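Listed below are the residues making up each chain.
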Amino acid sequence: EPEVTQTPSHQVTQMGQEVILRCVPISNHLYFYWYRQILGQKVEFLVSFYNNEISEKSEIFDDQFSVERPDGSNFTLKIRSTKLEDSAMYFCASIENVNSPLHFGNGTRLTVT
Amino acid sequence: AQKVTQAQTEISVVEKEDVTLDCVYETRDTTYYLFWYKQPPSGELVFLIRRNSFDEQNEISGRYSWNFQKSTSSFNFTITASQVVDSAVYFCALISSDRDDKIIFGKGTRLHILP
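Participant: Explain the overall build of chain B here, please?
Facilitator: On a plain count of helices and strands, chain B comes out with zero helices and 12 strands. Reading chain B from its N terminus to its C terminus gives the helix and strand order β-β-β-β-β-β-β-β-β-β-β-β. With respect to the principal axes defined by its C-alpha atoms, chain B has extents near 45 × 25 × 20 Å. Expressed as a percentage of the 115 residues in chain B, the buried residues total 50%. For chain B, restricting intrachain contacts to residue pairs at least 6 apart in sequence, the fraction spanning at least 24 positions comes to 56%. Total accessible area on chain B stands at roughly 5,500 Å², and carbon and sulfur atoms take up 47% of it. In chain B, the 12 positive side-chain charges and the 15 negative ones have mean positions that sit 3 Å from each other.

Encoded structure:
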């Protein structure tokens, strides 16, 4: 069964550094998402992406965050200047069409020191 | 406003007991979808079920069953004859097809199945 893949599984970075989290959604899916889960807390929506542009973003998704689909397969989340509070598990997800079940990747655990 | 409430933060039961996880949702939309996801200790999010707002039939899948009641805006999840492998955090979630496409998660219920 096709799945969403995320790399790396764990990323450690220093405060102020840029980090790029990578995701390969399922190939025929059209909608892409990033979610964040701070350890032990709820899963929070960051951004949705459709037709090569952001369709919606949350308050968390400020100017430090950006998303890209550079080559038709990868879907990346960039954090320009990481802060300690960016430490979290970041989940990528994709769906084939609106209201299909979200297929999540296994997540990237980001640790900012 | 859309909201998902999972009032039970943490539940512990002994193996083989039945356990019900509560989920109450709020939405003004008439068309919406409800989901349950499981997050085992390894951290990934595993899809369990999706139910649309026009289908109030209860569903059973093995030891799992779901009770959707629009009258009380609830979508409860029951595990029968629980097993240690059921230990995880379970998230209820909502998406409305009438507006934006983001899924709203509840805060999750951490379930401990004790041997």
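Participant: Sorry if this is basic, but what is going on with the packing of aromatic side chains here?
Facilitator: The geometry of an aromatic ring pair is captured by two quantities: the separation of the ring centres and the angle between the planes. Tallied over the full model, the rule gives 24 aromatic pairs over all chains. Ring centres of A:Tyr35 and A:Phe45 lie 5.6 Å apart, and the angle between their planes is 70 degrees; this geometry places the pair in the edge-to-face category. Placement of the pair is A:Tyr35 in strand S4 (residues 31-37) and A:Phe45 in strand S5 (residues 43-50), with a sequence separation of 10 residues. Considered together, A:Tyr35 and A:Phe45 belong to a single accessibility category, that of buried residues. Between B:Trp36 and B:Phe77 the ring centres are 5.3 Å apart and the planes differ by 50 degrees, which places this aromatic pair in the tilted class. On the criterion of sequence distance, the pair formed by B:Trp36 in strand S5 (residues 32-39) and B:Phe77 in strand S9 (residues 74-79) is long-range, its members being 41 residues apart. B:Phe77 gets classed as buried once you look at its relative accessible area, which sits at 0%. Through pairs of rings, three or more aromatic residues link up here, namely A:Tyr33, A:Tyr35, A:Phe45, A:Phe91, A:Phe104, B:Phe35, B:Tyr37, B:Phe47, B:Phe91 and B:Phe105.

Participant: Looking at this structure, I do not really get unusual backbone geometry. What am I missing?
Facilitator: What you tend to see is this: most non-glycine residues have negative phi, and most peptide bonds are trans. Residues and elements named next belong to chain A. A cis amide bond, omega -10 degrees, links Thr 7 with the succeeding residue Pro 8. Phi at Asn 51 is positive, roughly 55 degrees, even though this residue is not glycine. Note on placement: Asn 51 falls in the loop between S5 and strand S6 (53-57). Judged by relative accessible area, which is 57%, Asn 51 ranks as exposed. The backbone phi angle of Asn 52 is positive, close to 65 degrees, even though this residue is not glycine. If you trace the backbone, Asn 52 turns up in the loop between S5 and S6.

Participant: How should the nonpolar core be read in this particular structure?
Facilitator: Soluble globular proteins tend to pack their nonpolar side chains together in the buried interior. Residue and element names in this part refer to chain B. Trp 36, Trp 66, Phe 77 and Tyr 90 are the most contacted members of the largest nonpolar core, which has 25 residues in total. For this core, the elements supplying multiple residues, two or more each, are strand S2 (10-14), strand S3 (19-21), S5, strand S6 (46-52), strand S8 (64-69), S9, strand S10 (88-96) and strand S12 (109-114). In terms of residue count, S10 provides more of this core than any other element does, four residues in total. Not counting residues within four places of it along the chain, the set of residues in contact with Phe 77 comprises Val 19, Thr 20, Leu 21, Trp 36, Leu 48, Tyr 64, Ser 65, Trp 66 and Tyr 90.

Participant: Help me understand the state of the cysteines, please; the structure alone is not making it clear to me.
Facilitator: What is meant by a disulfide is a covalent connection between two cysteines, made through their sulfur atoms. Under the definition given, this model contains two disulfides over all chains. Linked covalently through their sulfurs, A:Cys23 and A:Cys92 form a disulfide whose S-S length is 1.9 Å. Residues A:Cys23 and A:Cys92 are joined through a disulfide that is left-handed, its torsion about the S-S bond being -65 degrees. Taken as a pair, A:Cys23 in strand S3 (residues 19-24) and A:Cys92 in strand S9 (residues 88-95) lie far apart in primary sequence, 69 residues in all. A sulfur-sulfur distance of 1.9 Å marks the disulfide that ties B:Cys23 to B:Cys92. Residues B:Cys23 and B:Cys92 are joined through a disulfide that is left-handed, its torsion about the S-S bond being -65 degrees. Note that B:Cys23 is positioned in the loop between S3 and strand S4 (24-26) and B:Cys92 in strand S10, a separation of 69 residues in sequence.

Rules of the game
Residues numbered from 1 in each chain as written. Chains lettered and ligands numbered in written order. Predicted model: local features only at pLDDT ≥ 70, side-chain atom pairs only at ≥ 80, totals over all residues. Heavy atoms only, no water. Helix = DSSP H or I, 4+ residues; strand = E, 2+ residues; numbered from the N terminus. Buried < 20%, exposed > 50% of the residue type's maximum accessible area, 1.4 Å probe, protein only. Contact = heavy atoms within 4.5 Å. Areas by Shrake-Rupley, 256 points an atom, 1.4 Å probe, with all protein chains shown as cover. Lys, Arg positive; Asp, Glu negative; His and termini not counted. Charge placed at Lys NZ, Arg CZ, Asp CG, Glu CD. Phe/Tyr/Trp six-rings, centres within 6.5 Å; stacked < 30°, edge-to-face > 60°. Core = buried A, V, L, I, M, F, W, Y, C linked by side-chain atoms within 4.5 Å. Disulfide = S-S within 2.5 Å.

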